[in-house]
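What follows is the residue order along each chain.
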Amino acid sequence: MMQQYYSVVKNPSAVWVNRLMIQPRIDSQYYRTDFVENEYKIEQIGCEKLGEIIERGDYGVLPDSEDYCEKGVPLIRGTNLRDLTIDDKEVIRVPKDYLTSKSEIQHRDILILIKGATIDAEWSVAIVPNIRESMIYNGSIFRVRVKTGYDPYYITAFMSTKYFLLQKTRAISNTGIYYNDKNSLENFMIAIPSPEIQKYIGDKVRRAEELREEANKLKEEINEQLYSMLKLPDNLVDNNEKHNFVSNQYLDNIRLDATYYLKKYIEYENILSNKELVSLKHIIKESRYGASIAADYCETGIPFLRGLNILENEINNDILYLNESLRDEVGKAIVNTGDILITRSGSVGITAVVDDKKEGYAFGSFIIKLVVDKENWNPYYISAFLNSFWGKWQIERQKNGSVQQNINLQEIERLMIPIFDLDKQKIFEKLIKEYIDKKTNSEQLIQEAKQDVEDLIEGN
């Protein structure tokens, strides 16, 4: 059998390829060594072109931005594809007129990002989970529905690995436009192992999906438990009146700005004041601003938490590292298990508790650390309350800044927390830890599935 390619040197790339690997592209970049090697490896394991395994493939719709509305059909965009699934937290909506059989997504459909500078990122593909309402997808996404006999969960795992992503990169090379057309997509090679191997890998992605659904239910339970215990409504209609007469009892000798006295804040304050409350100032034993350090990130060193690592009731694992030479500059900006972290700039007031896996991490200046009196207060309860509607409106009221919104320690200390027995507070620690465990296990299974694909193709 004639050798398909011969790599002369990898950097700069120089490679000989035989006629079997020649495509209707004459630009040299298209035959870069890593592209050619990638194609060869996929062929060796056994593959089919994507177009051969598709039952249906469609581009999404292109609604005008003027059609975006508060009520309507959720529109999935590239920014909603995360961790091989759909993140619908910040989904936009469009009128139901856009909902057609061509634009509507179904459970097990595969969504591939085909437009934009990040189309070859590992999160640029997702499989549609069980969704509660009809959803559509926009024109930056191509929807794939595979034929019977192919495991869509395995296919999704393969598409999130370098073996598929390199093909996406190759298709856009030397064009200057970050776009994969339908012809390119249909010619991408998909490694097709035996049905048993597809199922083995696909089962991990399926289980990850189940764990995410279980985690989402726990997240809902956290809020339900909180509002049941507080005996407060979980949301109120936002009163947007711009003028208000305020009686002396509501005047504050610290804040004189008009927005502090918006009518909605006065109404919320009246409702909350019917509960037994204490200010955070009387709960906090220690507090600290994060270290202000110029970015000097490296692959190993001091694990460093930034504002974007703090999510509601959890800390993600997208961790960067500081050079060990910055240890003195970090100083005491170190977290310990049970500390509460709250973002103080940008997305203000997002709160999470440090678990034992993040013990000893450094944290940056966009974060404030709070250490509470653990004999009487559970930090997970405080975090859950601050992330609820009744914590968020207080943070929204206290924060300041005309351009970049901020909140300082003195303003945080003024936040009011409802008083409950410690046993009741501990309910939230159990729920939040279980929620985090399920999310962590889900993410681990996704990584295992991708590693299985790599091991398969590399012959390990």
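Criteria and cut-off values
- Residues numbered from 1 in each chain as written.
- Predicted model: local features only at pLDDT ≥ 70, side-chain atom pairs only at ≥ 80, totals over all residues.
- Heavy atoms only, no water.
- Helix = DSSP H or I, 4+ residues; strand = E, 2+ residues; numbered from the N terminus.
- Buried < 20%, exposed > 50% of the residue type's maximum accessible area, 1.4 Å probe, protein only.
- Pairing = 2+ DSSP bridges.
- Core = buried A, V, L, I, M, F, W, Y, C linked by side-chain atoms within 4.5 Å.
- Axes fitted to C-alpha atoms, helices over the stretch in contact; angles between N-to-C directions.
- Parallel < 35°, antiparallel > 145°, perpendicular 65-115°, else oblique.
- Left-handed = near helix turned anticlockwise from the far one by under 90°.
- Contact = heavy atoms within 4.5 Å.
- Nonpolar A, V, L, I, M, F, W, Y, C, P; charged D, E, K, R; others polar.
- Phe/Tyr/Trp six-rings, centres within 6.5 Å; stacked < 30°, edge-to-face > 60°.
- Lys NZ or Arg CZ within 6 Å of the ring centre and 35° of its normal.
- Polar contact = N/O pair within 3.5 Å; in protein donor to acceptor, adjacent residues only side chain to side chain.
- Salt bridge = Lys/Arg side-chain N within 4 Å of Asp/Glu carboxyl O.

## Examining the environment of Tyr268
Logical step 1: Topologically, Tyr268 is positioned in helix 7 (residues 263–272).
Logical step 2: Note: C-alpha distance between Tyr268 and Trp390 (122 residues apart in sequence) is 8.2 Å.

## A short note on the environment of Gly51
Logical step 1: Following the sequence through the fold, Gly51 ends up in helix 2 (residues 50–53).
Logical step 2: The class of Gly51 is partly exposed, set by a relative accessible area of 32%.
Logical step 3: A C-alpha to C-alpha distance of 9.0 Å links Gly51 and Met189, two positions 138 residues apart in sequence.

## Some details on the pairing of strand 5 (residues 73–76)
Logical step 1: Burial along strand 5 is two-sided: the face carrying Val73 and Leu75 and the face carrying Pro74 and Ile76 are both buried.
Logical step 2: When strand 5 meets strand 8 (residues 92–94), the two strands line up antiparallel, connected through 3 bridges. Within the sheet, the bridge partner assigned to Leu75 lies in strand 8 and is Ile92.
Logical step 3: Pairing between strand 5 and strand 11 (residues 136–137): 2 bridges, direction parallel. Counted as the bridge partner of Ile76 is Tyr137 from strand 11.

## What to know about the nonpolar core
In globular proteins that are soluble, nonpolar side chains generally tend to be buried together.
Logical step 1: In this structure, Leu280, Leu370, Tyr381, Ile382, Trp390 and Ile417 are the most contacted members of the largest nonpolar core, which totals 44 residues.
Logical step 2: Of all the elements, helix 6 (residues 195–230) adds the most residues to this core, at 7 residues.
Logical step 3: Core analysis: the second largest hydrophobic core is formed by 39 residues, Leu50, Val146, Ile155 and Ile446 among them.

## Focus: the sheet that holds strand 24 (residues 367–372)
Logical step 1: In spatial order, the strands read 15-24-21-22; together these 4 strands make up an open sheet with antiparallel pairing. Two strands close off the open sheet at either side, each with one partner strand: strand 15 (284–289) and strand 22 (351–353). Strand-to-strand twist of the sheet, defined as the mean angle between neighbouring strand axes without regard to direction, takes the value 20°.

## Re the packing of helix 1 (residues 33–45) against helix 4 (residues 162–172)
Logical step 1: It is at 10 Å that the axes of helix 1 and helix 4 come closest, and there the two elements cross at 135°. The angle between the axes of helix 1 and helix 4 places the two elements in the oblique class. Relative to helix 4, helix 1 is oriented so that their crossing is left-handed. The segment helix 1 lies against helix 4, with Asp34, Phe35, Val36, Asn38, Glu39 and Ile42 engaging Lys162, Tyr163, Leu166, Gln167, Thr169 and Arg170.
Logical step 2: Each residue belonging to the contact of helix 1 with helix 4 can be placed in one class, and the counts come to 5 nonpolar, 3 polar and 4 charged.

## Some points on the packing of aromatic side chains
In this description, an aromatic ring pair is defined by two values, namely the gap between the centres and the angle between the planes.
Logical step 1: Counted by the stated rule, this structure contains 13 aromatic pairs.
Logical step 2: Both rings, one in Phe164 and one in Phe188, keep their centres 5.5 Å apart while their planes meet at 90°; by these two values the pair is edge-to-face. Linking Phe164 in helix 4 with Phe188 in the loop between helix 5 (182–187) and strand 13 (189–191), this pair joins segments that are 24 residues apart in sequence.
Logical step 3: With a relative accessible area of 1%, Phe164 lands in the buried category.
Logical step 4: Between the aromatic rings of Phe389 and Trp390, the centroid separation amounts to 5.2 Å while the plane-to-plane angle is 85°, which identifies the pairing as edge-to-face.
Logical step 5: Take Trp390: its relative accessible area is 0%, and that puts it in the buried class.
Logical step 6: Here the aromatic residues Tyr265, Tyr268, Phe389, Trp390 and Trp393 are joined through ring pairs into a cluster of three or more.
Logical step 7: Positioned above the aromatic ring of Phe35 is the side chain of Arg32, whose terminal nitrogen or guanidinium carbon lies 4.0 Å from the ring centre.
Logical step 8: Sitting above the plane of the Trp123 ring, Arg82 keeps its charged end 4.2 Å from the centroid.

## Some details on the side chain of Asn309
Logical step 1: Within the secondary structure, Asn309 sits in the loop between strand 17 (302–305) and strand 18 (310–311).
Logical step 2: At 2.7 Å, the side chain of Asn309 and the backbone nitrogen of Arg306 are in polar contact.
Logical step 3: Among the polar contacts made by the side chain of Asn309, one reaches the main-chain carbonyl oxygen of Asp318 at a distance of 2.9 Å.
Logical step 4: Leaving out residues up to four positions away in the same chain, Asn309 has contacts with Phe304, Glu314, Ile315, Asn316, Asp318 and Ile319.

## Quick look at the pattern of salt bridges
Logical step 1: For the coordinates displayed, the defined rule picks out 29 salt bridges.
Logical step 2: The partner of Lys430 in a salt bridge is Glu434, with the nearest N and O atoms 3.7 Å apart. In this pair, Lys430 and Glu434 both sit in helix 12 (residues 422–458), 4 residues apart, roughly one turn of the helix.
Logical step 3: Residue classification places Lys430 among the exposed residues on the basis of a relative accessible area of 58%.
Logical step 4: Classification of Glu434 by relative accessible area gives partly exposed; the value is 32%.
Logical step 5: One connected set of salt bridges, linked through shared partners, spans Arg56, Asp58, Asp109, Arg143 and Arg145.

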